[in-house]
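A structural walkthrough
Given next are the chains, with one letter for each unit.
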Amino acid sequence: MPTNGINRALKLQFGLINYENRYLTAEAFGFKVNASGTSMKKKQIWTLEQDEQDGQVVFLRSHLGRYLGSDKDGKVICGAEKPDPDCRFLIVPQSDGRWALQSEPYLRYFGGSADYLSCFAQVIGEQELWAVHLALHPQASLLSVARKRYAHLSASDGEISVDSNIPWGVDSLVTLVYLDGKYSLKTCDSRFLSNDGKLVKENTNTTSFTLELKSGKLAFKDCDGKYLTPVGPTGTLRSGRCSKPGKDELFDLEESHPQVVFQAANKRFVSVKQGVSISANQDVETDMETFQMEIDKESKKSMFRTNGGSYWTLVTHGEIQSTATEVEVNTMFDIEWQGQRVALKASNGKYVCTKKNGQLSAVSDTVGKSFQASHLRFSAVFVMGTAFFLNLCTIDEQCLSFIAGDDELFLMKLINRPMLILRGENGFVCHHKNSNTLDANRSVYDIFSLIFNDGAYNVKSVNGKFWYVSSSGLVCSDGEKSEDFFLEFLEHGRIAIKGTNGKYLRGDQGGTLMGDGTSVDASSLWEY
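Now for the overall build of the protein chain. What the protein chain contains, in helices and strands, is 3 helices and 49 strands. Against the compact-globule benchmark of 24 Å for 528 residues, the protein chain has a radius of gyration of 26 Å, which places it among compact chains. Principal-axis analysis of the C-alpha atoms places the extent of the protein chain at approximately 100 × 55 × 45 Å. Within the protein chain, the fraction of its 528 residues that count as buried is 52%. Pairs at least 24 residues apart make up 53% of the contacts formed inside the protein chain by residues separated by at least 6 positions. In the structure as shown, the protein chain presents an accessible area of about 23,900 Å², 49% of it carried by carbon and sulfur atoms.

Now the structure itself:
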């Protein structure tokens, strides 16, 4: 089990590419399969499941929820709703990282091209070899199976160390970069891990690894046939001496939850540094001011976890403390998106506000209650004397802004996504080859820079240009000036992105990224 008890190993989803560079495809009509796909979209994605009794046996489930299988004559079928004996396969890894899939009951190999697929070959030939293209979101936490510790960037030492009990902060984010059938590990500061353990700027042969699977775990094989492993007391990640992966060379990819910091109206950061009380009383961002946001899949409510493992929770008299060790009703908060700021509503139906001493308490009925009370007070003074009231109206605008309900508003900053990779219902977001627009249906992804700007975000392409929404609603990537976008964390693992025009970014039916969505639906929710 992961040591933090929260992150879960991601289900392995991938595309299988045959010797003709075509993807294995599951068709809805007749549950037929072929190897005709030119890119990895929904029909080309397969989920790996392991047999509970025999960890070497795997099942391949299509996007339709049906299982790949073969009968004794080698006929390939993909209609089983539950994995039966004919659906049992063994993965036979090859030296170049490709897989051969062997029917476990009949000991024949699966392969072929186009509509001519079978599972009848007695030996492994070129037609029976499949390259593996991961389909899961490539930004994750990396857990060493043997050490039960997480990888993180150790910038001072210029390496990736595998010695964290929990994956905390931006340094724990690892990005898998896929190129020509191999993977590279990219750190949050845009450097690549070389097989000698050093971090380098360029992606070369020494930074490219073949992905192998063993008992549901991942191993990374370098250009010399050696495997990545943690070395020494700090677990420096580098290639070891082994030419076969053992437990020390195995890793899990785990979901990387969003981690955020909050700044209150008093311009100070919300923190647990003072103990169990959640208070806005710090001037710098550290691990004590960083909170992991976990969104409940059913209710869509958010929980905020400290680096000590406890949750924000509502206690007596509306105070917010970090005393909960398990998720319960009082640890769940609704987030209301107010442009560049957010409001948090606790389980008592009250909004969280910042008291004069910085303590967070859920005691406000509305966002802007303090403004209404002040306005009434000013009105009473006005009745007594017009001139005095007019003097009050000349108070500093910043002061008036604070009075106008800012106690219930917070600046929330996402800190562990400096690099943005978006995947929608039809694929990844990527630059269009021949224009300044963006595709939203690609099997490969581009990496963009996410720049925080006072509660909003700017998105920068690798060429230094910025995203913007054109007058026709197209999202373009060649802007000279930055344009604000607003991230809304609405579902577990997914965000909506709103432009300054008040519309959501969505992938249209033609696969183009548009900035004209009027509501949030499947086309405007993005894995990030």
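According to the stated counting rule, one finds 18 aromatic pairs in the structure shown. Here F59 and Y67 contribute two aromatic rings whose centre-to-centre distance is 6.4 Å and whose plane-to-plane angle is 85°, an arrangement assigned as edge-to-face. Judged by its relative accessible area of 8%, Y67 falls in the buried class.

Among the secondary structure elements, D51 is positioned in the loop between β4 (46-50) and β5 (57-61). A relative accessible area of 14% places D51 in the buried class. Within the structure, the side chain of D51 is placed 2.7 Å from the backbone nitrogen of D54, a separation counted as a polar contact. Polar side-chain contacts of D51 include one of 3.2 Å to the side chain of R88.

Attention shifts here to the layout of surface pockets. Taken as a whole, the second largest pocket encloses approximately 390 Å³ of empty space. In terms of residues, the lining of the second largest pocket owes the most to one element, strand β16 (residues 174-179), which gives 3 residues. The residue makeup of the lining of the second largest pocket, split by class, is 8 nonpolar, 2 polar and 3 charged.

Chain-level statistics for the protein chain give a pLDDT mean of 89 and a share of 91% at 70 or above. Overall, residues 1-5 carries pLDDT values under 50, and its contacts beyond four positions in sequence, including any with other chains, amount to 13 contacts. Within the model, pLDDT remains below 50 along residues 369-404, and this stretch shows 21 contacts once partners closer than five positions in the same chain are excluded.

Per the counting criterion, the structure on display carries 22 salt bridges. For R191, the salt bridge identified is with D189, shortest N-O distance 3.0 Å. For R191, a relative accessible area of 17% corresponds to the buried category. Overall, D189 belongs to the partly exposed group, its relative accessible area being 27%. Among the ionic contacts, a cluster of salt bridges with common partners joins D51, R88 and E104.

This brings us to the pairing of strand β8 (residues 89-93). Across 2 bridges, β5 lies against β8 in antiparallel orientation. Note on β8: the bridge partner recorded for V58 is F89. In terms of strand pairing, β8 meets strand β9 (residues 99-103) through 5 bridges, oriented antiparallel. By the bridge assignment for β9, L90 is matched with Q102.

Parameters and conventions
- Residues numbered from 1 in each chain as written.
- Predicted model: local features only at pLDDT ≥ 70, side-chain atom pairs only at ≥ 80, totals over all residues.
- Heavy atoms only, no water.
- Helix = DSSP H or I, 4+ residues; strand = E, 2+ residues; numbered from the N terminus.
- Rg over C-alpha atoms; globule rule 2.2 N^0.38 Å.
- Buried < 20%, exposed > 50% of the residue type's maximum accessible area, 1.4 Å probe, protein only.
- Contact = heavy atoms within 4.5 Å.
- Areas by Shrake-Rupley, 256 points an atom, 1.4 Å probe, with all protein chains shown as cover.
- Phe/Tyr/Trp six-rings, centres within 6.5 Å; stacked < 30°, edge-to-face > 60°.
- Polar contact = N/O pair within 3.5 Å; in protein donor to acceptor, adjacent residues only side chain to side chain.
- 1 Å grid on protein atoms, 1.4 Å probe; cavity = no way out; pocket = protein on both sides within 12 Å on 5 of 7 lines; lining within 4 Å.
- Points joined across faces, edges and corners; volume = space filled by probe spheres on them.
- Nonpolar A, V, L, I, M, F, W, Y, C, P; charged D, E, K, R; others polar.
- pLDDT = per-residue confidence, 0-100.
- Salt bridge = Lys/Arg side-chain N within 4 Å of Asp/Glu carboxyl O.
- Pairing = 2+ DSSP bridges.

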